[in-house]
Amino acid sequence: MKKEVKIRPFWYSDVWLFPKLITVITSLDKQGRVNAAPYSHIMQYDVMSKNPRMIIGFRQDSHTFQNICATKEFVVNCPRADYLDDMMETARFYPEGVNEIDHTRFTMIPSLYVKPPSIKECPQIAECESEEIIRLDNSSGIVIAKIRSLVFDEELIDIGREERIRRMNLPIGLGDEDRMDYFHTTLGHLTKHQLGETPDGFKGGEVQLLMTWDADALQSLMTIPPMVRKMVAEQTETWCRKMGQDRVTLAGFDALAEQQGMTPEFLDRFRKNRKRT
């Protein structure tokens, strides 16, 4: 039997279970002093690679939020589970102007494009610059930020996702109890599920083309997964008509693909997967 639970203060942390990525955000105040604090209210906002952005929630009176409002730049550092104690150290309410990293095993290193430092021990880093700040009435401060750079430990870049997940060993936050005891889980049993087609999914690969396609454009279309191939074909032909074209060329196909965030590099991933099957 199910029962309604009262929505109370901190419902998002000690009532509803939100598994979240744990990060340590570094920022600078107007005097150039470093601040570091843990945040997990973070997710992608604009997923297109042409304008990648994150959305992050803060307490409006937090030093991090005030620093971002004043200087715009910050760094999202993702620590390994080995550094959970250090992450919790940055959660302490130190006075303004104190660099929390000085009380941890973390090491500050220069960032590539922003002034706040990055953390050497974090295998995954995002350098960001705020584009929009929203102050909710008597509630959170929301920052929508452009991602200036994604930085990884070099040895993680070219390996498969499963191995990268295991090597990074990022902790997941599971909320707290009474704002005192904080719960985390670490990498244990990792499962992988392959997305399959519906029983009649093969029909998605049967595309009725209404325009003439050049051979190389058609070849590129066939690298698209069957379940979305029909949609891609329709969008491409609609775009070509709007552009006054009477046929689909590879240049036109690639131009629309890139406009949608599907760069040649992105499409190559499908082509490589198709060759392996």
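In case you missed it, the structure is sitting above this.
All values derive from a computational prediction rather than experimental measurement.

## So, the nonpolar core
- Met-54, Ile-56, Phe-58, Phe-74, Val-76 and Cys-128 are the most contacted members of the largest nonpolar core, which totals 16 residues.
- Among the elements of the structure, strand 3 (34-39), strand 5 (53-59), helix 2 (63-71), strand 6 (73-78), strand 9 (124-135) and strand 10 (140-152) are those that each provide at least two residues to this core.
- One finds Ile-22, Val-24, Ala-36 and Val-75 within the second-largest nonpolar core, a separate group that totals 13 residues.

## Notes on the pattern of salt bridges
- Enumeration over the complete set of coordinates arrives at 14 salt bridges.
- Put simply, Arg-166 and Glu-162 hold a salt bridge, and the shortest N to O gap is 3.5 Å. Taken together, the positions of Arg-166 and Glu-162, both in helix 4 (residues 161-168) and 4 residues apart, correspond to about one turn of that helix.
- Owing to a relative accessible area of 35%, Glu-162 belongs among the partly exposed residues under this scheme.
- The residue Glu-163 makes a salt bridge to Arg-167 at a minimum N-O spacing of 2.5 Å. Linking Glu-163 with Arg-167, this pair stays in helix 4, spanning 4 residues, or about one helical turn.
- Its relative accessible area of 38% is what places Glu-163 among the partly exposed residues.
- In this structure Arg-167 comes out as partly exposed when scored by relative accessible area, which is 38%.
- By sharing partners, the salt bridges in this structure join Asp-46, Arg-53 and Glu-131 into a single network.

## Points about the packing of aromatic side chains
- Inspection of the entire model under this criterion finds 8 aromatic pairs.
- A ring pair is formed by Trp-16 and Phe-18, whose centres lie 6.1 Å apart and whose planes are at 55 degrees; its orientation type is tilted.
- Every member of this aromatic cluster is reached through a ring pair, and the members are Phe-10, Trp-11, Tyr-12, Trp-16 and Phe-18.
- Directly above the ring of Phe-152 sits Arg-164, whose terminal nitrogen or CZ lies 5.8 Å from the centroid.

## Quick look at the pairing of strand 5
- Taken across its 7 residues, strand 5 has 5 buried, putting it largely inside the fold.
- Two elements, strand 4 (residues 42-46) and strand 5, share 4 bridges in a ladder whose sense is antiparallel. Residue Ile-42 lies in a different strand from strand 5, and its bridge partner there is Ile-56.
- A loop of 6 residues connects strand 4 with strand 5, the two strands running antiparallel in sequence.

## A closer look at the sheet that holds strand 12 (residues 181-185)
- Read across the sheet, 3 strands follow the order 1-11-12 without closing on themselves; strand pairing throughout is antiparallel. If you trace the sheet from one side to the other, it starts and ends with strand 1 (20-21) and strand 12, each paired once.
- In terms of strand pairing, strand 1 meets strand 11 (residues 172-177) through 2 bridges, oriented antiparallel. Bridge pairing in strand 11 places Leu-21 opposite Ile-172.

## Details of the side chain of Arg-229
- Inspection of the secondary structure assignment puts Arg-229 in helix 6 (residues 226-242).
- Polar side-chain contacts of Arg-229 include one of 3.3 Å to the backbone oxygen of Met-222.

## Description of unusual backbone geometry
- With phi around 65 degrees, Phe-10 is a residue other than glycine that occupies positive phi space.
- Residue placement: Phe-10 occurs in the segment before helix 1 (11-14).
- Phi is positive for Lys-72, close to 75 degrees, though the residue is something other than glycine.
- Note on placement: Lys-72 falls in the loop between helix 2 and strand 6.
- The class for Lys-72 is partly exposed, based on a relative accessible area of 45%.

## Observations concerning the sheet that holds strand 9
- Strand order across the open sheet formed by 7 strands is 3-2-6-9-10-5-4, with antiparallel pairing between neighbours. At either margin of the open sheet sits one strand with a lone partner, and together these are strand 3 and strand 4. Pairwise comparison of adjacent strand axes, ignoring direction, gives a mean angle of 35 degrees for this sheet.
- Bridge analysis of strand 2 (residues 23-28) against strand 3 gives 6 bridges, and the strand direction is antiparallel. Note that in strand 3 the partner of Thr-23 across the bridge is Tyr-39.
- Where helix 2 meets the sheet, it contacts strand 2, strand 3, strand 5, strand 6, strand 9 and strand 10, and its direction lies at approximately 80 degrees from that of strand 9.

Calculation criteria
Residues numbered from 1 in each chain as written. Predicted model: local features only at pLDDT ≥ 70, side-chain atom pairs only at ≥ 80, totals over all residues. Heavy atoms only, no water. Core = buried A, V, L, I, M, F, W, Y, C linked by side-chain atoms within 4.5 Å. Buried < 20%, exposed > 50% of the residue type's maximum accessible area, 1.4 Å probe, protein only. Helix = DSSP H or I, 4+ residues; strand = E, 2+ residues; numbered from the N terminus. Salt bridge = Lys/Arg side-chain N within 4 Å of Asp/Glu carboxyl O. Phe/Tyr/Trp six-rings, centres within 6.5 Å; stacked < 30°, edge-to-face > 60°. Lys NZ or Arg CZ within 6 Å of the ring centre and 35° of its normal. Pairing = 2+ DSSP bridges. Polar contact = N/O pair within 3.5 Å; in protein donor to acceptor, adjacent residues only side chain to side chain. Axes fitted to C-alpha atoms, helices over the stretch in contact; angles between N-to-C directions. Contact = heavy atoms within 4.5 Å.

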